[in-house]
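Overview (structure and organization)
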Amino acid sequence: MFNFLRKKKENVSLFYNTDVHCHILPGVDHGAHTVEQSLEMLEEEIKMGINRVICTSHVTADTFENTPETLTNAYNVLSQAVKEAGLDIELHASAEYRIDEYWEQQYAAGNVLPMPGKYILMENSFQQELLQLDELLFDLMLHGYKPILAHPERYGYYSHRHNRYEKMHGQGVKFQINLLSLAGYFGQGARENAMWLIKHGMVDMLGTDMHNTEHAHIIQEYLRSKDWRKLAPQLMPNIINDNVK
Ligand SMILES: [Fe+2]
């Protein structure tokens, strides 16, 4: 009877089907801690029209020293749970590799778990840019990897050095920005950098980077905003999330 009072829930579907950045694998970083939490997060992905998830758990020195084996084990546990829950979603195990001494060691030993198509998600230091960053990214490409820089908008030291974005992107590095950054979750600086990257056609991929369902809810609210409706058509021609295969 009071249906006319109920606000119609707007569609929050994204225009692509693959999330390339999230912390959904259970118990391997500070994202999902349990399989139940992983399943809840996957349900939120489905609400946004996602049906393929590349799980990119942290690999960082000291805190999350994951290996292809620890990630694959968590992936196997989650895959089984997804099957039992009957969720219609395809999973892949990969990582978000922080460029640090642990990465150097693991890369030298061949212990890396890239995404399908040999894409690999790399995270810069948040304090300062590494001296050998360009060489390192070039070396990855030389070995057939397709490096994706995770959330370039979040590295504050690039705010006044947009030429670094141009150089890296020109070199062939793919840029993935966070939907949470567009929503303002990481502050004005990150949002401004993201807007600059969009304006200059340097955004190749979008990611949720979700660590919990709260992040998903913030993104879903953003996807209902006027801001997103305005930005989505600008982003659409360049976004290659679904090419990760
Ligand atoms: Fe992340």
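Values in this document were obtained by computation on a predicted structure and should not be read as measured data. (Residues numbered from 1 in each chain as written. Predicted model: local features only at pLDDT ≥ 70, side-chain atom pairs only at ≥ 80, totals over all residues.)

What to know about helix α2 (residues 68-85)
- End to end, α2 covers 25 Å across 18 residues, agreeing with the expected 26 Å (1.5 Å per residue, within 8%).
- Looking only at α2, the buried set comprises Leu71, Ala74, Tyr75 and Leu78. Across the axial projection of α2, the buried residues extend over an arc of 105°, all falling on one side. Away from its buried face by more than 90 degrees, α2 exposes Glu69, Asn76, Gln80, Lys83 and Glu84.
- Elements in contact with the buried residues of α2: α1 (35-47), β2 (52-59) and β3 (90-98).
- One or two steps after α2, the chain reaches Gly86, where phi turns positive at roughly 70°. (Helix = DSSP H or I, 4+ residues; strand = E, 2+ residues; numbered from the N terminus. Expected span 1.5 Å × (residues − 1). Buried ≥ 20, exposed ≤ 12 C-beta atoms within 10 Å, placed from the backbone. Arc of directions from axis to C-beta. Contact = placed C-beta atoms within 7 Å.)

Concerning the sheet that holds strand β4 (residues 119-123)
- What the 7 strands build is an open sheet, ordered β1-β2-β3-β4-β5-β6-β7; its pairing is parallel. Looking at the sheet topology across the chains shown, the edges are occupied by β1 (18-19) and β7 (205-207). (Pairing = 2+ DSSP bridges.)

Considering the packing of α1 against α2
- Running from N to C, α1 and α2 cross one another at 60°; their axes reach a closest spacing of 10 Å. Judged by the angle between their axes, α1 and α2 are oblique. Judged by the twist between their axes, the crossing of α1 over α2 is right-handed. Across the interface between the two elements, Val35, Ser38, Leu39 and Leu42 from α1 touch Val77, Leu78, Ala81, Val82 and Ala85 from α2.
- Of the residues that constitute the contact of α1 with α2, the class distribution is 8 nonpolar, 1 polar and no charged. (Axes fitted to C-alpha atoms, helices over the stretch in contact; angles between N-to-C directions. Parallel < 35°, antiparallel > 145°, perpendicular 65-115°, else oblique. Left-handed = near helix turned anticlockwise from the far one by under 90°. Nonpolar A, V, L, I, M, F, W, Y, C, P; charged D, E, K, R; others polar.)

Some points on the environment of Tyr155
- Here Tyr155 is to be found in the loop between β5 (146-150) and α5 (162-171).
- Looking at Tyr155, the number of C-beta atoms within 10 Å reads 23, which means it is buried.
- Note: C-alpha distance between Tyr155 and Asn193 (38 residues apart in sequence) is 9.0 Å.
- In this structure, Tyr155 is in contact with Asn124 and Phe126, ignoring residues within four places of it in sequence.

Remarks on α1
- For α1, with 13 residues, the first-to-last C-alpha span of 19 Å sits near the 18 Å given by 1.5 Å per residue.
- On its buried face, α1 is in contact with β1, β2, α2 and α8 (213-223).
- After α1 finishes, the residue Gly49 shows a positive phi value of roughly 85°.

Take it as geometry only, folks, not as evidence of what the structure does.
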